[in-house]
Amino acid sequence: MTEPQQGATYDTLLTVAKATEDLGFDAFFRSDHFLHMGDVDGLPGPTDAWITLAGLARETKRIRLGTLMTAATFRLPGVLAVQVAQVDRMSGGRVELGLGAGWFEEEHKAYGIPFPKEKFGRLEEQLAIVTGMWATEAGKTFDFRGTYYELTGSPALPKPAQAKVPVLVGGLGATRTPRLAAQYADEFNVPFASVEDSERQFGRVRAAAEAAGRGADDLTYSNALVVCVGRNDQEVARRAAAIGREVGELKANGLAGSPAEVVDRIGRYAAIGAGRIYLQILDLSDLDHLELISSQVQSQLS
């Protein structure tokens, strides 16, 4: 899982995506942001998430491709449904859509994107529209009348290559987020949280799924965590310094340390029900890091 708003060209992302595929990882995901965060210049500037994934769809063959998370504030839902369906077809059916409410007000101001006060309700309607359009049979039309969006007589085309594009919902909200996940999601993601907080949130989503008439195990449960692995303490420290983080903090809040330490920590997340881990890679120039994770971490996971 990459954060290109911090500074990455398409060519850099392509290099990482190809390494992801060659090294046996399952997927390449990226954030959807238009403004850098923290003490970086973000040069040469942002890349659009779905334009990037469209390019990667044609230049990779196996890995899944998706967003953590596309902001509902960035795109109209009908247009988003078209974009994702097209990229899914371009990839031969390898796309997944992570969709969130949007939260970073500064990037909206910087690029002239409206930042509405009521974002969660818009997200709910977007999920209903996008999934509703994809589920509409060819030759029939889709209509929707909500508080924020209205569609009349939509042909609901094009259709994705997949019978169902997996939809990811995530977050730590205690009530509305689990309800939305139970209604619309194929996967629920907890971003950058402890084992304890993840277990609590997974439990809420499992309960919400059962209340909605779904099996709790109908959803995949996942975590996104920053990763910093080294063959020895010096290599861990060097990689931590390269991303502006402290080793102790990374070990407390992410996946950091030796391969054995990271495997053990992933096991703790697996024990509470996480079936998928997104490794947040912040130094996109360090391909040796990916090779180390592939050979000495991923090789120990089932």
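Values in this document were obtained by computation on a predicted structure and should not be read as measured data.

**With respect to the packing of aromatic side chains**
Tallying each qualifying case throughout the model produces 5 aromatic pairs. Taken together, a centroid distance of 4.9 Å and an interplanar angle of 70° make the contact between Phe29 and Tyr278 edge-to-face. Here Phe29, found in strand S1 (residues 27–30), pairs with Tyr278, found in strand S11 (residues 276–280); they are 249 residues apart in sequence, far enough to count as distant. With respect to class, Phe29 is no different from Tyr278; both count as buried. Ring pairing ties together the aromatic residues Phe34, Phe74 and Tyr111, which thus form one cluster. One cation-aromatic arrangement involves Arg176 over Phe120; the distance from NZ or CZ to the ring centre is 4.2 Å.

**A word on helix H5 (residues 120–135)**
Across its 16 residues, H5 extends 23 Å between first and last C-alpha, which sits within 8% of the 22 Å expected from 1.5 Å per residue. Within H5, 13 of the 16 residues are buried, which leaves it mostly tucked inside the rest of the structure.

**Some details on the pattern of salt bridges**
This model, assessed by the stated rule, comprises 22 salt bridges. Of the charged contacts in the structure, one is a salt bridge between Glu137 and Lys140, with a shortest N-O distance of 3.7 Å. For Glu235, the salt bridge identified is with Arg239, shortest N-O distance 3.1 Å. Here Glu235 and its partner Arg239 are both found in helix H8 (residues 233–242), 4 residues apart, which amounts to about one turn of the helix. Each member of the pair, Glu235 as well as Arg239, is classed as buried. Salt bridges sharing partners connect three or more residues here, namely Arg231, Glu235, Arg238, Arg239, Asp286, Asp288 and Glu291.

Conventions we followed
- Residues numbered from 1 in each chain as written.
- Predicted model: local features only at pLDDT ≥ 70, side-chain atom pairs only at ≥ 80, totals over all residues.
- Heavy atoms only, no water.
- Phe/Tyr/Trp six-rings, centres within 6.5 Å; stacked < 30°, edge-to-face > 60°.
- Helix = DSSP H or I, 4+ residues; strand = E, 2+ residues; numbered from the N terminus.
- Buried < 20%, exposed > 50% of the residue type's maximum accessible area, 1.4 Å probe, protein only.
- Lys NZ or Arg CZ within 6 Å of the ring centre and 35° of its normal.
- Expected span 1.5 Å × (residues − 1).
- Salt bridge = Lys/Arg side-chain N within 4 Å of Asp/Glu carboxyl O.

Shape is all these values report; function is a separate question.
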